[in-house]
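Residues per chain, in single letters:
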Amino acid sequence: MTAAAHHPPSARSVTRRPGRISLPMDVWRRRLLIAIVVTYVTILVLAPIAALISGALADGIGAVVRALSQPDVLSAFWRTLSIALITVVVHSICGTALAWVLVRHRFPGRWLLNGLIDLPFAVSAVVVGYMLLLLFGRTSLLAPVLQALNLKVAFALPGMILATLFVTLPFMVRELIPVLKEFGVEQEQAAATLGASGWQTFWLVTFPALRWGFIYGLTLTFARALGEFGAVLVIGGGVQGRTETATLYIFRALDERQYVGAYSAALVLGLISLAIVLGSDLLRQKEK
Amino acid sequence: MNTIASSWPHPKAGASSPWGRRGVRTVALTYLTVMLIIPLAVIFQDGLRAGLGGLWQSILSPIAWHALKLTLWTAAVMAIINTVMGMLTAYVLVRYSFPGKALLNGLVDLPLAIPTLVTGVMLVVLYGPQTALGSWLAREFGWRIIFAPPGIILALLFITFPFVVRAVQPVLQSLDREQEEAAATLGAGPWTIFRRVTLPALWLPLTTGTLLSFARAIGEFGAIVIVAGNIPLRSQTAAVYVLGEVESENRLGASAMSVVMLMLAFGLILVVDWLQRGRQTSRDE
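Residues numbered from 1 in each chain as written. Chains lettered and ligands numbered in written order. Predicted model: local features only at pLDDT ≥ 70, side-chain atom pairs only at ≥ 80, totals over all residues. Heavy atoms only, no water.

On to the overall build of chain A, then. The helix and strand inventory of chain A stands at 13 helices and 0 strands. Counted from the first residue to the last, chain A has its helices and strands arranged as α-α-α-α-α-α-α-α-α-α-α-α-α. When its C-alpha atoms are laid out on the principal axes, chain A stretches across 80 × 65 × 30 Å. Looking at chain A as a whole, 55% of its 288 residues qualify as buried. (Helix = DSSP H or I, 4+ residues; strand = E, 2+ residues; numbered from the N terminus. Buried < 20%, exposed > 50% of the residue type's maximum accessible area, 1.4 Å probe, protein only.)

Laid out in structure tokens, this is it:
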């Protein structure tokens, strides 16, 4: 998604066009357009961020630390972190396999699968949670099976992990597909000709070429998993101390008018996601 | 892993691949079926339990219908503003150089990195009724932002800001400027050049970016439930309505609205996919 994120300032946009004198009109139009865009971004993006920072720090940094070091807040953050980690591990295996199959294999219905992969981008998180509730809830088809196996999925961690997996499905796959396509098969064929096994070819030839797409997919998945809210709310129920994640804590704290706690947790969560995404952006730029 | 692999006896080239292929394909397709197809099938089956008529009836109940209409019109207003401003932002980023351009370019991606719930909290802190700005706007102009449609539109604009910019930017960058220069030589004004030469070349990324942001907006929940609250017939959107129906155990209501939202999302994604495929084949030729 952010593949086009960072352009080196292109020489073309810097050099003046030959044969045209820039009239005062042109200069003013240019200034006006830049001013409009800068104002828009300031009002839309920067002002809310500044408001959150000042809101969280309104009672001083001590209040933030106190609010965040409450045991239920810490356990909520810890729960979020473990769900995100599990999600990342599962998607690094299954997401890679999925991207591989979609690029390298030909089978009927492939175009439909290709469309389905993007569906979690657009499906409402609430609907995702609700689908899982229909599947695993008290009155579902699977309920007797789950009961017999003594498995609790709805209103428990497994359901929340499934919900997060659903929501983050496209990230790894979409990062890897273009890289796999670009890499092609020549080098793999060369390796196979030299006697490498399928696994050897994958680990020694293909994977190193995918490495950056893989890392980028991982970080996007992780950041998205940290911020998931609607789906884990519906399937997890947000029971304090049991199924409450960081986002669910923020929701409850706002409801209970514990503003310092809500704002500080929101700020910390936003900063963590931001640091992850920016960090991987920097890594990628360095690589290029 | 690769130490294990390299200790294996070397098979003849490609000998193990049919099994490996089949194994990987089975894993991938099973995963997709379990994760995506089964849950989707269950919700469609549940939504259509009472037949299409039952689904319609449930959608046409006053509260559900209001929620759906609110979702669609706020998303449409967002899409219009986002298309114009996204286009303009991409144009400024590609065509002009000015101090702070790199920072502006980085800021465009920021909304992708921030959880939408946090976006909602930010807007409440900025425009909420207790805050300085929020109470001033309400007093001076009678504008209510939070718990009202303007808040929903602002939240959606924040979340979808990168969609149009990042769709248009690469196309604008690779656009050949000779045609524009030719038009200028022939005496066309800057607005005519933009409208007649530049814009037609950008319609595809503009359309896909707009459609994707619209699809994204229909399902948005985290930011909206914070900004708009859950007031039926006033500020309740479709996603928040589903939550309410789930909580009050009205299964038909929740399933019917979910099916409608899914159909809209899938339809829009297929259209975008089809548009993009058309471009790819025409480029290959």
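Attention now goes to the packing of aromatic side chains. Evaluated as defined, the whole model comprises 17 aromatic pairs over all chains. Look at Phe-202 of chain A and Phe-207 of chain A: their rings are 6.2 Å apart centre to centre, the planes differ by 45°, and that puts the pair in the tilted class. The class for Phe-202 of chain A is buried, based on a relative accessible area of 15%. Aromatic side chains Trp-136 of chain B and Phe-141 of chain B sit 5.5 Å apart centroid to centroid with 80° between the ring planes, which places their arrangement in the edge-to-face category. (Phe/Tyr/Trp six-rings, centres within 6.5 Å; stacked < 30°, edge-to-face > 60°.)

On to the interface of chain A and chain B, then. Taken together, the 95 residues of chain A in the interface contact 93 residues of chain B. A per-residue breakdown of the area chain A buries against chain B is headed by Tyr-40, Leu-44 and Tyr-130 of chain A, which together make up 7% of the total. There are 1 salt bridge connecting chain A and chain B. For Arg-138 of chain A, the salt bridge identified is with Glu-249 of chain B, shortest N-O distance 3.2 Å. Across the chain A-chain B interface, the total number found is 8 residue pairs in polar contact (both at pLDDT 80 or more). (Contact = heavy atoms within 4.5 Å. Buried area = accessible area lost by both parts, 1.4 Å probe. Salt bridge = Lys/Arg side-chain N within 4 Å of Asp/Glu carboxyl O. Polar contact = N/O pair within 3.5 Å; in protein donor to acceptor, adjacent residues only side chain to side chain.)

This part is about the domain arrangement of chain A. Residue and element names in this part refer to chain A. Considered domain by domain, chain A is made up of domain 1 (23-56) and domain 2 (61-287). One C-alpha centre belongs to domain 1, the other to domain 2; they are set 33 Å apart. Taken over both partners, the interface formed by domain 1 and domain 2 buries close to 400 Å², and the fraction arising from carbon and sulfur atoms is 83%. Our enumeration of links across domain 1 and domain 2 arrives at 0 salt bridges. Across the domain 1-domain 2 interface, the total number found is 0 residue pairs in polar contact (both at pLDDT 80 or more). (Domains from an automatic or database assignment.)

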